[in-house]
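A look at the structure
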Amino acid sequence: MDRGRRAMPVGNKLCNQRAVQQAQQKHRKKLAEMKCRIDNTAPDRPAHLRRNLKKEQLMEDRFATIERDNRILLEKMSYIMRRNQFDNVNESTQYAHSLNKEARKRELQRITRENQGILRRIQQAEPHYDHLAWEEEARKTEAYVRNICEFPATEQAYVRTNSRSVLASAAANEYGAPLYAEEEEGEAKRGGASPGGGGGGGGRTP
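These figures come from a predicted structure and were not determined experimentally. (Residues numbered from 1 in each chain as written. Predicted model: local features only at pLDDT ≥ 70, side-chain atom pairs only at ≥ 80, totals over all residues. Heavy atoms only, no water.)

Quick notes on the overall build of the protein chain
This is how the line gets drawn: Secondary structure elements are defined from DSSP: runs of H or I of at least 4 residues count as helices, runs of E of at least 2 residues count as strands, and each element is numbered from the N terminus. By the convention used here, residues are in contact when the closest approach between their heavy atoms is within 4.5 Å. Areas reported as accessible are Shrake-Rupley estimates using a 1.4 Å probe. Residue values count occlusion only from the protein chains shown.
Assigned secondary structure in the protein chain consists of 8 helices and 2 strands. Each helix and strand of the protein chain, ordered N terminal to C terminal, gives the series α-α-α-α-α-α-β-β-α-α. By sequence separation, contacts in the protein chain at least 24 residues apart represent 31% of the contacts at least 6 residues apart. Total accessible area computed for the protein chain in this model is approximately 19700 Å², and 53% of it derives from carbon and sulfur atoms.

This is the structure:
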């Protein structure tokens, strides 16, 4: 309560305070429900502005024109297909051959000859790699691997493409003879047996 109202003489302070609070609540309610005297909302849009009838009419006329033209074109095409009255048939024989037929034929023959020459040179070219030397090197490498192995080699097959033979370590164990001379010499050095001596008597010396 402000100082001026507090200085006013009242009969009952509690009743006066309640009356003041009710008046303030009523004042706040009126402020909340107060409406402006000036209408600042957007005006109602007229019907002729909400819907452009002229534009709709022009669009309908345009669509009708397009449909009419399409129908006329379809009728003409169907009439031509039924009557078979094409005017693009040329029965003259003077336009039957090409003007540059011979030139194109000579060019095709030249390209064919060049391709045949390239193919012949490719087939007659000597190879730069010697597969026989590769095979011999692979055989020596396999023998070296067998000689330096401390334990017996695993049972895997060595397939040779040129000799059509399959060599496996299991075959050597089965026949009791080494596959290569180098392997035989290595076995002789490790076991103390003479080269060429079969029978499996090559034990380790103490």
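Details of a nonpolar patch on the surface
The criterion, for reference: Each patch is built from residues lacking any salt bridge and having more than 30% relative accessible area; the joining distance is 9 Å for like charges and 5 Å for nonpolar side chains (Val, Leu, Ile, Met, Phe, Trp, Tyr). In what follows, salt bridge is the name for a side-chain nitrogen of Lys or Arg lying within 4 Å of a carboxyl oxygen of Asp or Glu. A simple rule labels every residue: compare its accessible area, found with a 1.4 Å probe on the protein chains alone, to the largest value its type can have, and call it buried under 20%, exposed over 50%, or partly exposed in between.
Judged by side-chain polarity, Met59, Phe63 and Ile66 come together as a nonpolar surface patch covering roughly 250 Å² of accessible area. Among the secondary structure elements, methionine 59 is positioned in helix α4 (residues 53-83). The exposure class assigned to methionine 59 is partly exposed, which follows from its relative accessible area of 36%.

Concerning α4
Every α-helix carries 3.6 residues per turn, so stepping three or four residues along brings you back to the same face. As a reminder, the rule being used: By this rule, a helix spans an expected 1.5 Å times one less than how many residues it contains. Polar contact is defined as a pair of N or O atoms within 3.5 Å, subject to the rule that within protein one atom must be able to donate a hydrogen and the other to accept it, and that residues adjacent in sequence are counted only when both atoms are side-chain atoms.
For α4, built from 31 residues, the straight-helix expectation of 45 Å at 1.5 Å per residue is met to within 8% by its first-to-last C-alpha distance of 45 Å. N-cap assignment for α4: the residue whose side-chain oxygen lies 3.4 Å from the backbone N of lysine 54 is asparagine 52.

Re the packing of aromatic side chains
Definition in use: Side-chain rings of Phe, Tyr and Trp, where Trp is taken by its six-membered ring, are said to pair if the distance between their centres is within 6.5 Å; with planes under 30 degrees apart they count as stacked, over 60 as edge-to-face, and otherwise as tilted.
Applying the stated criterion across every chain yields a total of 1 aromatic pair. Residues tyrosine 129 and tryptophan 134 carry aromatic rings whose centres are separated by 5.7 Å and whose planes lie at 40° to one another, so their mutual orientation is tilted. Each member of the pair, tyrosine 129 as well as tryptophan 134, is classed as exposed.

Some words on the confidence of the model for the protein chain
Residues shown with low pLDDT carry predicted positions that ought not to be read at fine detail. Counted only if it meets this: Confidence of the predictor at the level of single residues is captured by pLDDT, which takes values from 0 to 100.
Averaged over every residue, the pLDDT of the protein chain is 75; residues scoring 70 or more account for 64%. Within the protein chain, helix α5 (residues 101-124) carries the highest mean pLDDT (94), whereas strand β2 (residues 166-168) carries the lowest (41). Residue range residues 155-183 is modelled with pLDDT below 50. Its contacts to residues more than four positions away, or to other chains, number 43 contacts. Contacts of residues 193-206 to residues separated by more than four positions or lying in other chains number 9 contacts, the stretch itself having pLDDT below 50.

A word on the pattern of salt bridges
Inspection of the entire model under this criterion finds 4 salt bridges. Note that arginine 139 is salt-bridged to glutamate 136, the shortest N-O span being 2.6 Å. Here glutamate 136 and arginine 139 lie together in helix α6 (residues 131-148), a separation of 3 residues that amounts to about one turn. For arginine 139, a relative accessible area of 23% corresponds to the partly exposed category.

Thoughts on α6
For clarity, the cut-off: Think of it as the arc spanned by the lines of direction from the helix axis to the C-beta atoms.
Its 18 residues place the ends of α6 26 Å apart at the C-alpha level, agreeing with the 26 Å of an ideal helix rising 1.5 Å per residue. Those residues of α6 that sit buried are Glu135, Glu142, Ala143, Arg146 and Asn147. The buried residues of α6 all sit within an arc of 140° when viewed along its axis, so they share a single face. Those residues of α6 that are exposed and angled more than 90 degrees off the buried face are Trp134, Glu137 and Ile148. The distance from a side-chain oxygen at the start of α6 to the backbone nitrogen of leucine 132 is 3.1 Å, and the residue carrying that oxygen is aspartate 130.

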